[in-house]
Amino acid sequence: MTQLQEYKCPCCGGAIEFNSRVQKMKCPYCDTEFDMDALESYDKELANEPKDDLQWDTSASSKWEEGETDAFRTYVCKSCGGEIIGDNNTAAAACPYCGNPVVMMGQFRGALKPDYVIPFQLDKKAAKEVLYQHYNGKKLLPKVFKDQNHIDEVKGIYVPFWLFDADADASIRYRATRVRTWADSRYQYTKTSYYAVMRGGNISFLHVPVDGSSKMADELMESIEPFHFSGAVDFKTAYLAGYLADKYDVDAEQSVGRANERVRKSTEENFGRTVQGYASVIPESTSIRLANGKAKYALYPVWILNTVWEGKRYLFAMNGQTGKMVGDLPLDKGAYMRWLFVLWGIASAVIFGMSYLFWLFV
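Residues numbered from 1 in each chain as written. Predicted model: local features only at pLDDT ≥ 70, side-chain atom pairs only at ≥ 80, totals over all residues. Heavy atoms only, no water.

A. Up close: helix 2 (residues 124-135). For helix 2, with 12 residues, the first-to-last C-alpha span of 17 Å sits near the 16 Å given by 1.5 Å per residue. All buried positions along helix 2 are accounted for by Ala126, Ala127, Lys128, Val130, Leu131, His134 and Tyr135. Between a side-chain oxygen at the N-terminus of helix 2 and the backbone nitrogen of Lys125 the separation is 3.3 Å; the capping residue is Asp123. (Helix = DSSP H or I, 4+ residues; strand = E, 2+ residues; numbered from the N terminus. Expected span 1.5 Å × (residues − 1). Buried < 20%, exposed > 50% of the residue type's maximum accessible area, 1.4 Å probe, protein only. Polar contact = N/O pair within 3.5 Å; in protein donor to acceptor, adjacent residues only side chain to side chain.)

Set out below in structure tokens:
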């Protein structure tokens, strides 16, 4: 039995079929018509599109020298299982991620030695000031969140990151549209024209960061970017004095998927900026082939405030280099209801006034 080839509509993606009335291939969903030769040529082009080749060297990073970790102690959280590192003079009574007690487990062992570190540029005083600014003007924030004792819970921690470098050769196909509208005495018309736009070229990536801690959400860490690598230095243990450091639990190999996702998105956005003059531009097919892909291990500075309000945990993070702050805020339900009541009263008064004026003049 001969297997029939199914063609997809380049415009809407629906299955198209031969229409005997127009003697062309026609999409029953968007009514676009295609010559058979043009459609076969387009289908061959799609079949010959190159495939991804996303290979990284994740075996980089060095080992600790003998005796280099003697001044470190590890702490393990009883609740979330997170393992953090501090020196002999750093007290770690509570987990910076969930706020629960931690226990000292003894001498630090294992893990790779960081290649780089970005030292803290903002101290605890600056972190508290930024947090105050984050609270400022938020009238529906519970009062307890503005208490000084609560602000004092902010902790400085070095978060592990894997930094990915690579040269990329990319080929991208975009679906673009142009829209034309016109009208006559009876109808308004809209014509949408679809285009396959190809882009290809080379792009280099340096220090694409991927969070190496499962306790820190990738989206949260990406939201306080950028960290400026120009401020990075070769790692020395002295930079950890007085701070905590998270021990990575997501290794470089496990971080490759996230790195590929960021590389793909950045490539599509950068190449897409060269596609101009269209109403919409959407990437349909992306092929990326990497060369010289490698990963390095770094520690980035983050100020963290973890707290619980009415049984829900809230985590705030601030970039310890730039001061960028992110985090969700709880809602004072009592204040919110009072605000709704006042708003409803104002709206009711306005509606009543308009109704009264309408009654007077009608």
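There's more to say after this.
B. Examining the pattern of salt bridges more closely. Applying the stated criterion across every chain yields a total of 11 salt bridges. Here Glu284 and Arg173 are joined by a salt bridge, their closest N and O atoms 2.7 Å apart. Of this pair, Glu284 sits in strand 13 (residues 280-309) while Arg173 sits in strand 9 (residues 155-183), and the two are 111 residues apart along the sequence. On the basis of relative accessibility, which here comes to 34%, the residue Glu284 falls in the partly exposed class. (Salt bridge = Lys/Arg side-chain N within 4 Å of Asp/Glu carboxyl O.)

C. Examining the nonpolar core more closely. Judged by nonpolar contacts, the single largest core of 48 residues is most densely connected at Trp56 and Phe164. Going through the elements one at a time, helix 2, strand 9, strand 10 (188-211), helix 5 (252-272), strand 13 and strand 14 (312-319) are the ones with two or more residues in this core. A total of nine residues in this core trace back to one element, the largest contributor, which is strand 9. Other than its neighbours up to four places away in sequence, Trp56 contacts Phe164, Asp165, Ala166, Val256, Ala259, Asn260, Val263, Leu290, Gly293 and Lys294. (Core = buried A, V, L, I, M, F, W, Y, C linked by side-chain atoms within 4.5 Å. Contact = heavy atoms within 4.5 Å.)

D. A look at unusual backbone geometry. With an omega of 10°, the peptide bond running from Glu225 to Pro226 counts as cis. Within the secondary structure layout, Pro226 lies in the loop between helix 4 (218-223) and strand 11 (233-234). Its identity as a non-glycine residue notwithstanding, Asn292 has a phi of 60°, on the positive side. Note on placement: Asn292 falls in strand 13.

E. Representation of the environment of Gln23. Among the structural elements, Gln23 can be located in the loop between strand 2 (15-19) and strand 3 (24-26). When its relative accessible area of 54% is taken as the criterion, Gln23 is described as exposed. Residues Gln23 and Asp35, 12 residues apart in the sequence, show an inter-C-alpha distance of 8.6 Å.

F. Representation of the packing of aromatic side chains in the model. For the structure on display, the rule yields 15 aromatic pairs. With a centroid separation of 5.1 Å and 80° between ring planes, the pair formed by Tyr248 and Tyr297 is classed as edge-to-face. With Tyr248 in the loop between strand 12 (244-246) and helix 5 and Tyr297 in strand 13, the pair connects residues that are 49 residues apart, well separated along the chain. Like Tyr297, Tyr248 is buried. Among the aromatic side chains, those forming a connected cluster through ring pairs are Phe120, Tyr158, Tyr243 and Trp303. The ring of Tyr278 carries the charged tip of Arg178 above its face, separated from the ring centre by 4.3 Å. (Phe/Tyr/Trp six-rings, centres within 6.5 Å; stacked < 30°, edge-to-face > 60°. Lys NZ or Arg CZ within 6 Å of the ring centre and 35° of its normal.)

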